[in-house]
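Summary of structural features
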Amino acid sequence: VSETERLSYVGNNFGSGAMKCNSLCRYFVGVLDEDSGQMEVYNAEMFNMQPLLSGKRTLFDPSIKLQHPIPVCALIAWSLTAALSVVFLAALSSPFLPCSLSRHLLICVSSAQMDLCIEAFGTSKQKRALNSRRMNAVGNDVVNTAVTKAAANIIDAKGVTALIEDVAQDDVQNISAFLPPCNEDAEKPEDVYKFEHILSPAEYEALQVPAAVFVNITPEEITKKTEDKSHCSFVLEELKFLPADEKNRDHKARCLWFLDTLIKFSHLRVIKKKHPMGPECPHIISRKLMKNFTSLTYNDGGVQNLISASMKAKITAYVIALALHINNFQTDLTVLQNDMKIQESRMMDIAKAMRLKISKAKGLPGLENDQNHKMGTLSLPLPVQKAGGNQRKRKKMN
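First things first, this report covers the structure right here in the doc. This is a predicted model, so every value here is computed, not measured.

Scanning the protein from terminus to terminus reveals 16 helices and 12 strands. Looking at the protein residue by residue over its 398 residues, the buried ones come to 35%. Of the contacts made within the protein by residues no fewer than 6 positions apart, 63% connect residues no fewer than 24 positions apart. When the accessible area of the protein is evaluated, it comes to approximately 25000 Å², of which 54% is carbon and sulfur surface.

The next subject is the nonpolar core. Counting residues in each nonpolar core, the largest one holds 62 residues, and the members touching the most others are Phe234, Leu259, Phe265, Ile320 and Met354. Those elements that provide at least two residues to this core are helix H7 (195–198), helix H9 (212–215), helix H11 (233–238), helix H12 (246–266), helix H13 (283–292), helix H14 (309–326), helix H15 (333–340) and helix H16 (344–353). Phe265 has contacts with Ile271, Pro276, Met277, Leu289, Met290, Phe293, Thr294, Ile307 and Ile315, leaving out every residue within four places of it along the chain. Counting 5 residues, the second largest nonpolar core, distinct from the first, contains Tyr9, Phe47, Cys117 and Phe121.

Next up on the list: the environment of Lys312. As for its position among the elements, Lys312 is in helix H14. Residue classification places Lys312 among the partly exposed residues on the basis of a relative accessible area of 21%. Put simply, Lys312 and Ile263 are 49 residues apart on the chain and 9.4 Å apart in space, counted from C-alpha to C-alpha. If we ignore the near neighbours within four places in the chain, the residues touching Lys312 are Ser266, Ile307, Met340, Lys341 and Ile342.

Here the focus is the side chain of His231. Its location among the elements puts His231 in the loop between helix H10 (219–228) and H11. Side-chain polar atoms of His231 contact the side chain of Lys225, separated by 3.4 Å. Polar side-chain contacts of His231 include one of 2.9 Å to the side chain of Asp260. Beyond its immediate chain neighbours, meaning those up to four positions away, His231 contacts Phe214, Lys225, Leu236, Asp260 and Lys264.

Next up on the list: a negative patch on the surface. Together, Asp33, Glu34, Asp35 and Glu40 make up a region of like negative charge exposed at the surface. Turning to its location among the elements, Glu34 is positioned in the loop between strand E3 (27–32) and strand E4 (39–44).

Once that is clear, we can look at the sheet that holds strand E11 (residues 357–361). The 3 strands are arranged E10-E12-E11 in an open sheet whose pairing can be described as antiparallel. Edge strands, defined here as strands with exactly one partner in the open sheet, are strand E10 (330–332) and E11. The average angle at which neighbouring strand axes cross in this sheet is 30°, direction not considered. Of the strand pairs in this sheet, E11 and strand E12 (residues 373–377) are connected by 5 bridges, and their pairing is antiparallel. Bridge pairing in E12 links Lys360 to Lys374.

Our focus in this paragraph is the sheet that holds strand E7 (residues 270–271). Strand order in the open sheet formed by 3 strands is E7-E9-E8, with antiparallel pairing between adjacent strands. Edge positions in the sheet fall to E7 and strand E8 (295–299), since each has one partner strand and no second. With 5 bridges joining them, E8 and strand E9 (residues 302–306) adopt antiparallel strand pairing. What sits directly across from Asn299, in E9, is Gly302.

Turning our attention to the packing of H12 against H13. Working note: a packed helix pair is described by the angle between its axes plus the distance between those axes. Closest axis-to-axis distance for the H12/H13 pair is 12 Å, and the angle between their directions is 40°. Classified by the angle between their axes, H12 and H13 sit oblique to one another. Note that H12 runs across H13; the crossing there is right-handed. Contact with H12, carried on its side by Phe258, Thr261, Leu262 and Phe265, involves Ile285, Lys288, Leu289 and Met290 of H13 and no other residues of that element. Here the contact of H12 with H13 is composed, by residue class, of 6 nonpolar, 1 polar and 1 charged.

Criteria and cut-off values
- Residues numbered from 1 in each chain as written.
- Predicted model: local features only at pLDDT ≥ 70, side-chain atom pairs only at ≥ 80, totals over all residues.
- Heavy atoms only, no water.
- Helix = DSSP H or I, 4+ residues; strand = E, 2+ residues; numbered from the N terminus.
- Buried < 20%, exposed > 50% of the residue type's maximum accessible area, 1.4 Å probe, protein only.
- Contact = heavy atoms within 4.5 Å.
- Areas by Shrake-Rupley, 256 points an atom, 1.4 Å probe, with all protein chains shown as cover.
- Core = buried A, V, L, I, M, F, W, Y, C linked by side-chain atoms within 4.5 Å.
- Polar contact = N/O pair within 3.5 Å; in protein donor to acceptor, adjacent residues only side chain to side chain.
- Patch = residues over 30% accessible without salt bridge, like charges linked within 9 Å, V, L, I, M, F, W, Y side chains within 5 Å.
- Salt bridge = Lys/Arg side-chain N within 4 Å of Asp/Glu carboxyl O.
- Lys, Arg positive; Asp, Glu negative; His and termini not counted.
- Charge placed at Lys NZ, Arg CZ, Asp CG, Glu CD.
- Pairing = 2+ DSSP bridges.
- Axes fitted to C-alpha atoms, helices over the stretch in contact; angles between N-to-C directions.
- Parallel < 35°, antiparallel > 145°, perpendicular 65-115°, else oblique.
- Left-handed = near helix turned anticlockwise from the far one by under 90°.
- Nonpolar A, V, L, I, M, F, W, Y, C, P; charged D, E, K, R; others polar.

Written out as structure tokens, the structure reads:
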């Protein structure tokens, strides 16, 4: 048995762990006296010294039989213990160590014991990583303790009920931050969310060319587009009821084309193309989508445009506002929700934040869930927003 400042080592000269070469050959070690120049020769035995970790388990699996001896592990009983770590490292890199053995020789008993081995035998890089991990662990413990204490103080001061109400109010305020500008003093419904806040005159003018395909559409083409699902359900249904008057028909076609583009844009996640909606989309519209409905994020060494959850909520609000203008300020929220691919609760939160009156109605035949549709109506005077109006039932947590 031998030891260093950090680890203990043990070797056997009998039993299954003993090296067979000791019974086949005699080994000697010579000690040179530098003063007299004479060498004294002593009998010696060859040992495999193994680190003895806590729990009396060694780092090596004793069931593994060495195919060849490891000469650098030949340590006599009186060897200097300071050389053990050097000898041990040499053993691991010895050319006499079989490749099949090197893959299975080390056994990690626990992470703490592996840390001890890294301290004793690890490379500089491994030791730096170990120190960094330990410092981070201490830092995380301090942060977790501070956060837990601060949370407990806030709960004691305000109470759980007040905190839940604050969260519900924050949800309303967060959604309200992404709504179109609202004129609460408006005298007509069309002035609550003004059309020019949704589409500027220049943007509206740019829609004339791409919307021409809707202006001149035929019933056969509508049927084919419905079968191909090339447009959202709301737009396909409204195309069946385009006004006969040329001016009103052109106006509705432009609004439907932009609404369809908004919904398709909301289905994207990361914008990688310069013109994500295709070459037929006017440049001013593409710039509007990128500027107003995406967030900038840093990823893979560069800046990307991302449609985050908050940006999708903003797109939903503008889609609802435009649909209200199209449908005389009453629209089927369930159809829009299915087109936007969002949850009903999310759609209802946004509609209530926009001060719409929600009612139940039977949907149009052939549409999904046609018996349970929610209609949103914008009427004056606007409903008063309640602080806890959007608070939903929460599961009790033990």
